[in-house]
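# Topology and contacts: notes
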Amino acid sequence: MAAVSDPMDLGAPWGPARPEPSPTRFHRVHGANIRVDPSGTRATRVESFAHGVCFSREPLAPGQIFLVEIEEKELGWCGHLRLGLTALDPASLAPVPEFSLPDLVSLGHTWVFAITRHHNRVPREGRPAAEAAVPCRPPALLVEPYLCIEQFRIPRDRLVGRSRPGLYSHLLDQLYELNVLPPTARRSRLGVLFCPRPDGTADMHIVINGEDMGPSARGLPAAQPLYAVVDVFASTKSVRLVQLEYGLPSLQTLCRLVIQRSVVHRLAIDGLHLPKGLKDFCKYE
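Rules used in this analysis
Residues numbered from 1 in each chain as written. Predicted model: local features only at pLDDT ≥ 70, side-chain atom pairs only at ≥ 80, totals over all residues. Heavy atoms only, no water. Helix = DSSP H or I, 4+ residues; strand = E, 2+ residues; numbered from the N terminus. Buried < 20%, exposed > 50% of the residue type's maximum accessible area, 1.4 Å probe, protein only. Pairing = 2+ DSSP bridges. Axes fitted to C-alpha atoms, helices over the stretch in contact; angles between N-to-C directions. Arc of directions from axis to C-beta. Phe/Tyr/Trp six-rings, centres within 6.5 Å; stacked < 30°, edge-to-face > 60°. Lys NZ or Arg CZ within 6 Å of the ring centre and 35° of its normal. Salt bridge = Lys/Arg side-chain N within 4 Å of Asp/Glu carboxyl O. Core = buried A, V, L, I, M, F, W, Y, C linked by side-chain atoms within 4.5 Å. Contact = heavy atoms within 4.5 Å.

With an unreviewed UniProt entry as reference, the protein is termed Neuralized E3 ubiquitin protein ligase 2, source organism Pipistrellus kuhlii.

The next thing to look at is unusual backbone geometry. Each neighbour pair has its own omega, and for alanine 94 with proline 95 the value is -5 degrees, a cis peptide bond. Relative to the assigned elements, proline 95 resides in the loop between strand 5 (82–86) and helix 1 (100–106). Here leucine 101 and proline 102 are connected by a cis peptide whose omega angle stands at 0 degrees. Assignment of secondary structure puts proline 102 in helix 1. The backbone phi angle of serine 48 is positive, close to 60 degrees, even though this residue is not glycine. According to the relative accessible area criterion, serine 48 is partly exposed, its value standing at 33%. At glutamate 150, a residue that is not glycine, the phi angle is positive and equals roughly 50 degrees. With respect to the secondary-structure elements, glutamate 150 resides in the loop between strand 7 (146–149) and strand 8 (152–155).

So, on to the sheet that holds strand 4 (residues 66–73). Read from one edge of the open sheet, seven strands run 1-2-13-4-9-10-11, paired in antiparallel fashion. Only two strands of the sheet have a single partner each, and these edge strands are strand 1 (34–36) and strand 11 (211–221). On average, each strand axis in the sheet is tilted by 25 degrees relative to the strand beside it, whichever way the strands run. As judged from the six bridges shared by strand 10 (residues 201–208) and strand 11, these two strands associate in the antiparallel manner. Among the inter-strand pairings, alanine 202 is bridged to a residue of strand 11, identified as leucine 220.

This next bit is on helix 3 (residues 251–260). For helix 3, the set of buried residues is Thr253, Arg256, Leu257, Ile259 and Gln260. Axial view of helix 3: buried residues confined to an arc of 165 degrees, hence all on one face.

All right, on to the packing of aromatic side chains then. Enumeration over the complete set of coordinates arrives at five aromatic pairs. Relative to phenylalanine 66, the ring of phenylalanine 26 lies with its centre 5.8 Å away and its plane at 80 degrees, an arrangement referred to as edge-to-face. Of this pair, phenylalanine 26 sits in the segment before strand 1 while phenylalanine 66 sits in strand 4, and the two are 40 residues apart along the sequence. Through a chain of ring-to-ring contacts, the aromatic side chains of Phe49, Trp77, Phe99 and Phe233 assemble into a single cluster. One cation-aromatic arrangement involves arginine 82 over phenylalanine 233; the distance from NZ or CZ to the ring centre is 3.9 Å. Cation over ring: arginine 153 sits above tyrosine 146, and NZ or CZ is 3.9 Å from the ring centre.

As a further point, take the pattern of salt bridges. Enumeration over the complete set of coordinates arrives at eleven salt bridges. Linking arginine 45 and glutamate 74 is a salt bridge whose minimum nitrogen-to-oxygen distance equals 3.0 Å. Here arginine 45 is found in strand 2 (residues 42–45), whereas its partner glutamate 74 is found in the loop between strand 4 and strand 5, with 29 residues between them in sequence. Residue class for glutamate 74 comes out partly exposed when judged on its relative accessible area of 25%. Among the ionic pairs, aspartate 203 bridges to arginine 197, the shortest N-O distance being 3.7 Å.

Take the sheet that holds strand 12 (residues 227–231) next. If you trace the four strands from one edge of the open sheet to the other, you get 3-12-5-6, paired in antiparallel fashion. Either end of the sheet is taken by a strand with one partner, and the two such strands are strand 3 (53–55) and strand 6 (110–114). Neighbour to neighbour, the strand axes of the sheet diverge by 20 degrees on average, direction disregarded. Bridge count for strand 5 against strand 12 is five bridges, and the pairing is antiparallel. Note that in strand 12 the partner of leucine 85 across the bridge is alanine 228.

A word on the nonpolar core. Core analysis: the largest hydrophobic core is formed by 31 residues, its most contacted members being Phe66, Val68, Met204 and Val239. Of all the secondary-structure elements, those providing two or more residues to this core are strand 4, strand 5, strand 6, strand 9 (189–196), strand 10, strand 11, strand 12 and strand 13 (236–241). Tallying contributions element by element places strand 10 first for this core, with four residues. Dropping the residues within four chain positions of it, methionine 204 is found in contact with Gly84, Leu85, Trp111, Phe113, Val192, Leu193, Phe194, Gly214, Pro215, Ser216, Ala217 and Leu220. In this structure, Leu67, Leu147, Leu159 and Leu244 belong to the second largest nonpolar core, which totals 13 residues.

Below is the structure:
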């Protein structure tokens, strides 16, 4: 697994000099209404609309994306998932604040935003605000398989939400890939990461279905441990973590992309003369 190199060597390839980040998990400390499954990869708010704040188990590495997929929604509430970073140690929070906004943010050293497509993009000092415009619609995965965020390059495949297999999955998958659905739609994938800068600070980026929304906050303390914050708030009821490939896409992943674009819809994969394991991987992954 690798990331693109940069002048600071903070984007150098994963290896002995820069260990590969461990799989992401939710922290044992979380809001009172959250239940985390035994694997530590699924967080569900079991009642009310609040007390749903969760954290990453470990601080994130530079360029590591804490990626969640929205699994369940709950009607009747106003508001959606909130996402960000904190330099506070979750283990020191007793009790966990009821809301990430404004409660957790008011404690300081925390940067959290409600998820919207037209996000809180901040331009560089001395540059026009037009630079904060939302980027163009992302290209197809086979045309440009990587998402480049500052000095880091990450395969986009797992960053993009996917529909359940069905007669119309080929159409729905395109909507996720083009990022035209509401950003908090069911099965959307949302991630947060930080990118260090030469001055010792870092930029926080939020990613929605494989599209970088740009820097949401600047001046984060890159030398301090930064934990991901996920607030399973209001209409968002349950999320699960998605693990990423950071280097070249695997041959299995590339084969899946080609196969999926060679059939009318994913259910048609069952009729192909392929091993069952590969069929299942193409249909569900």
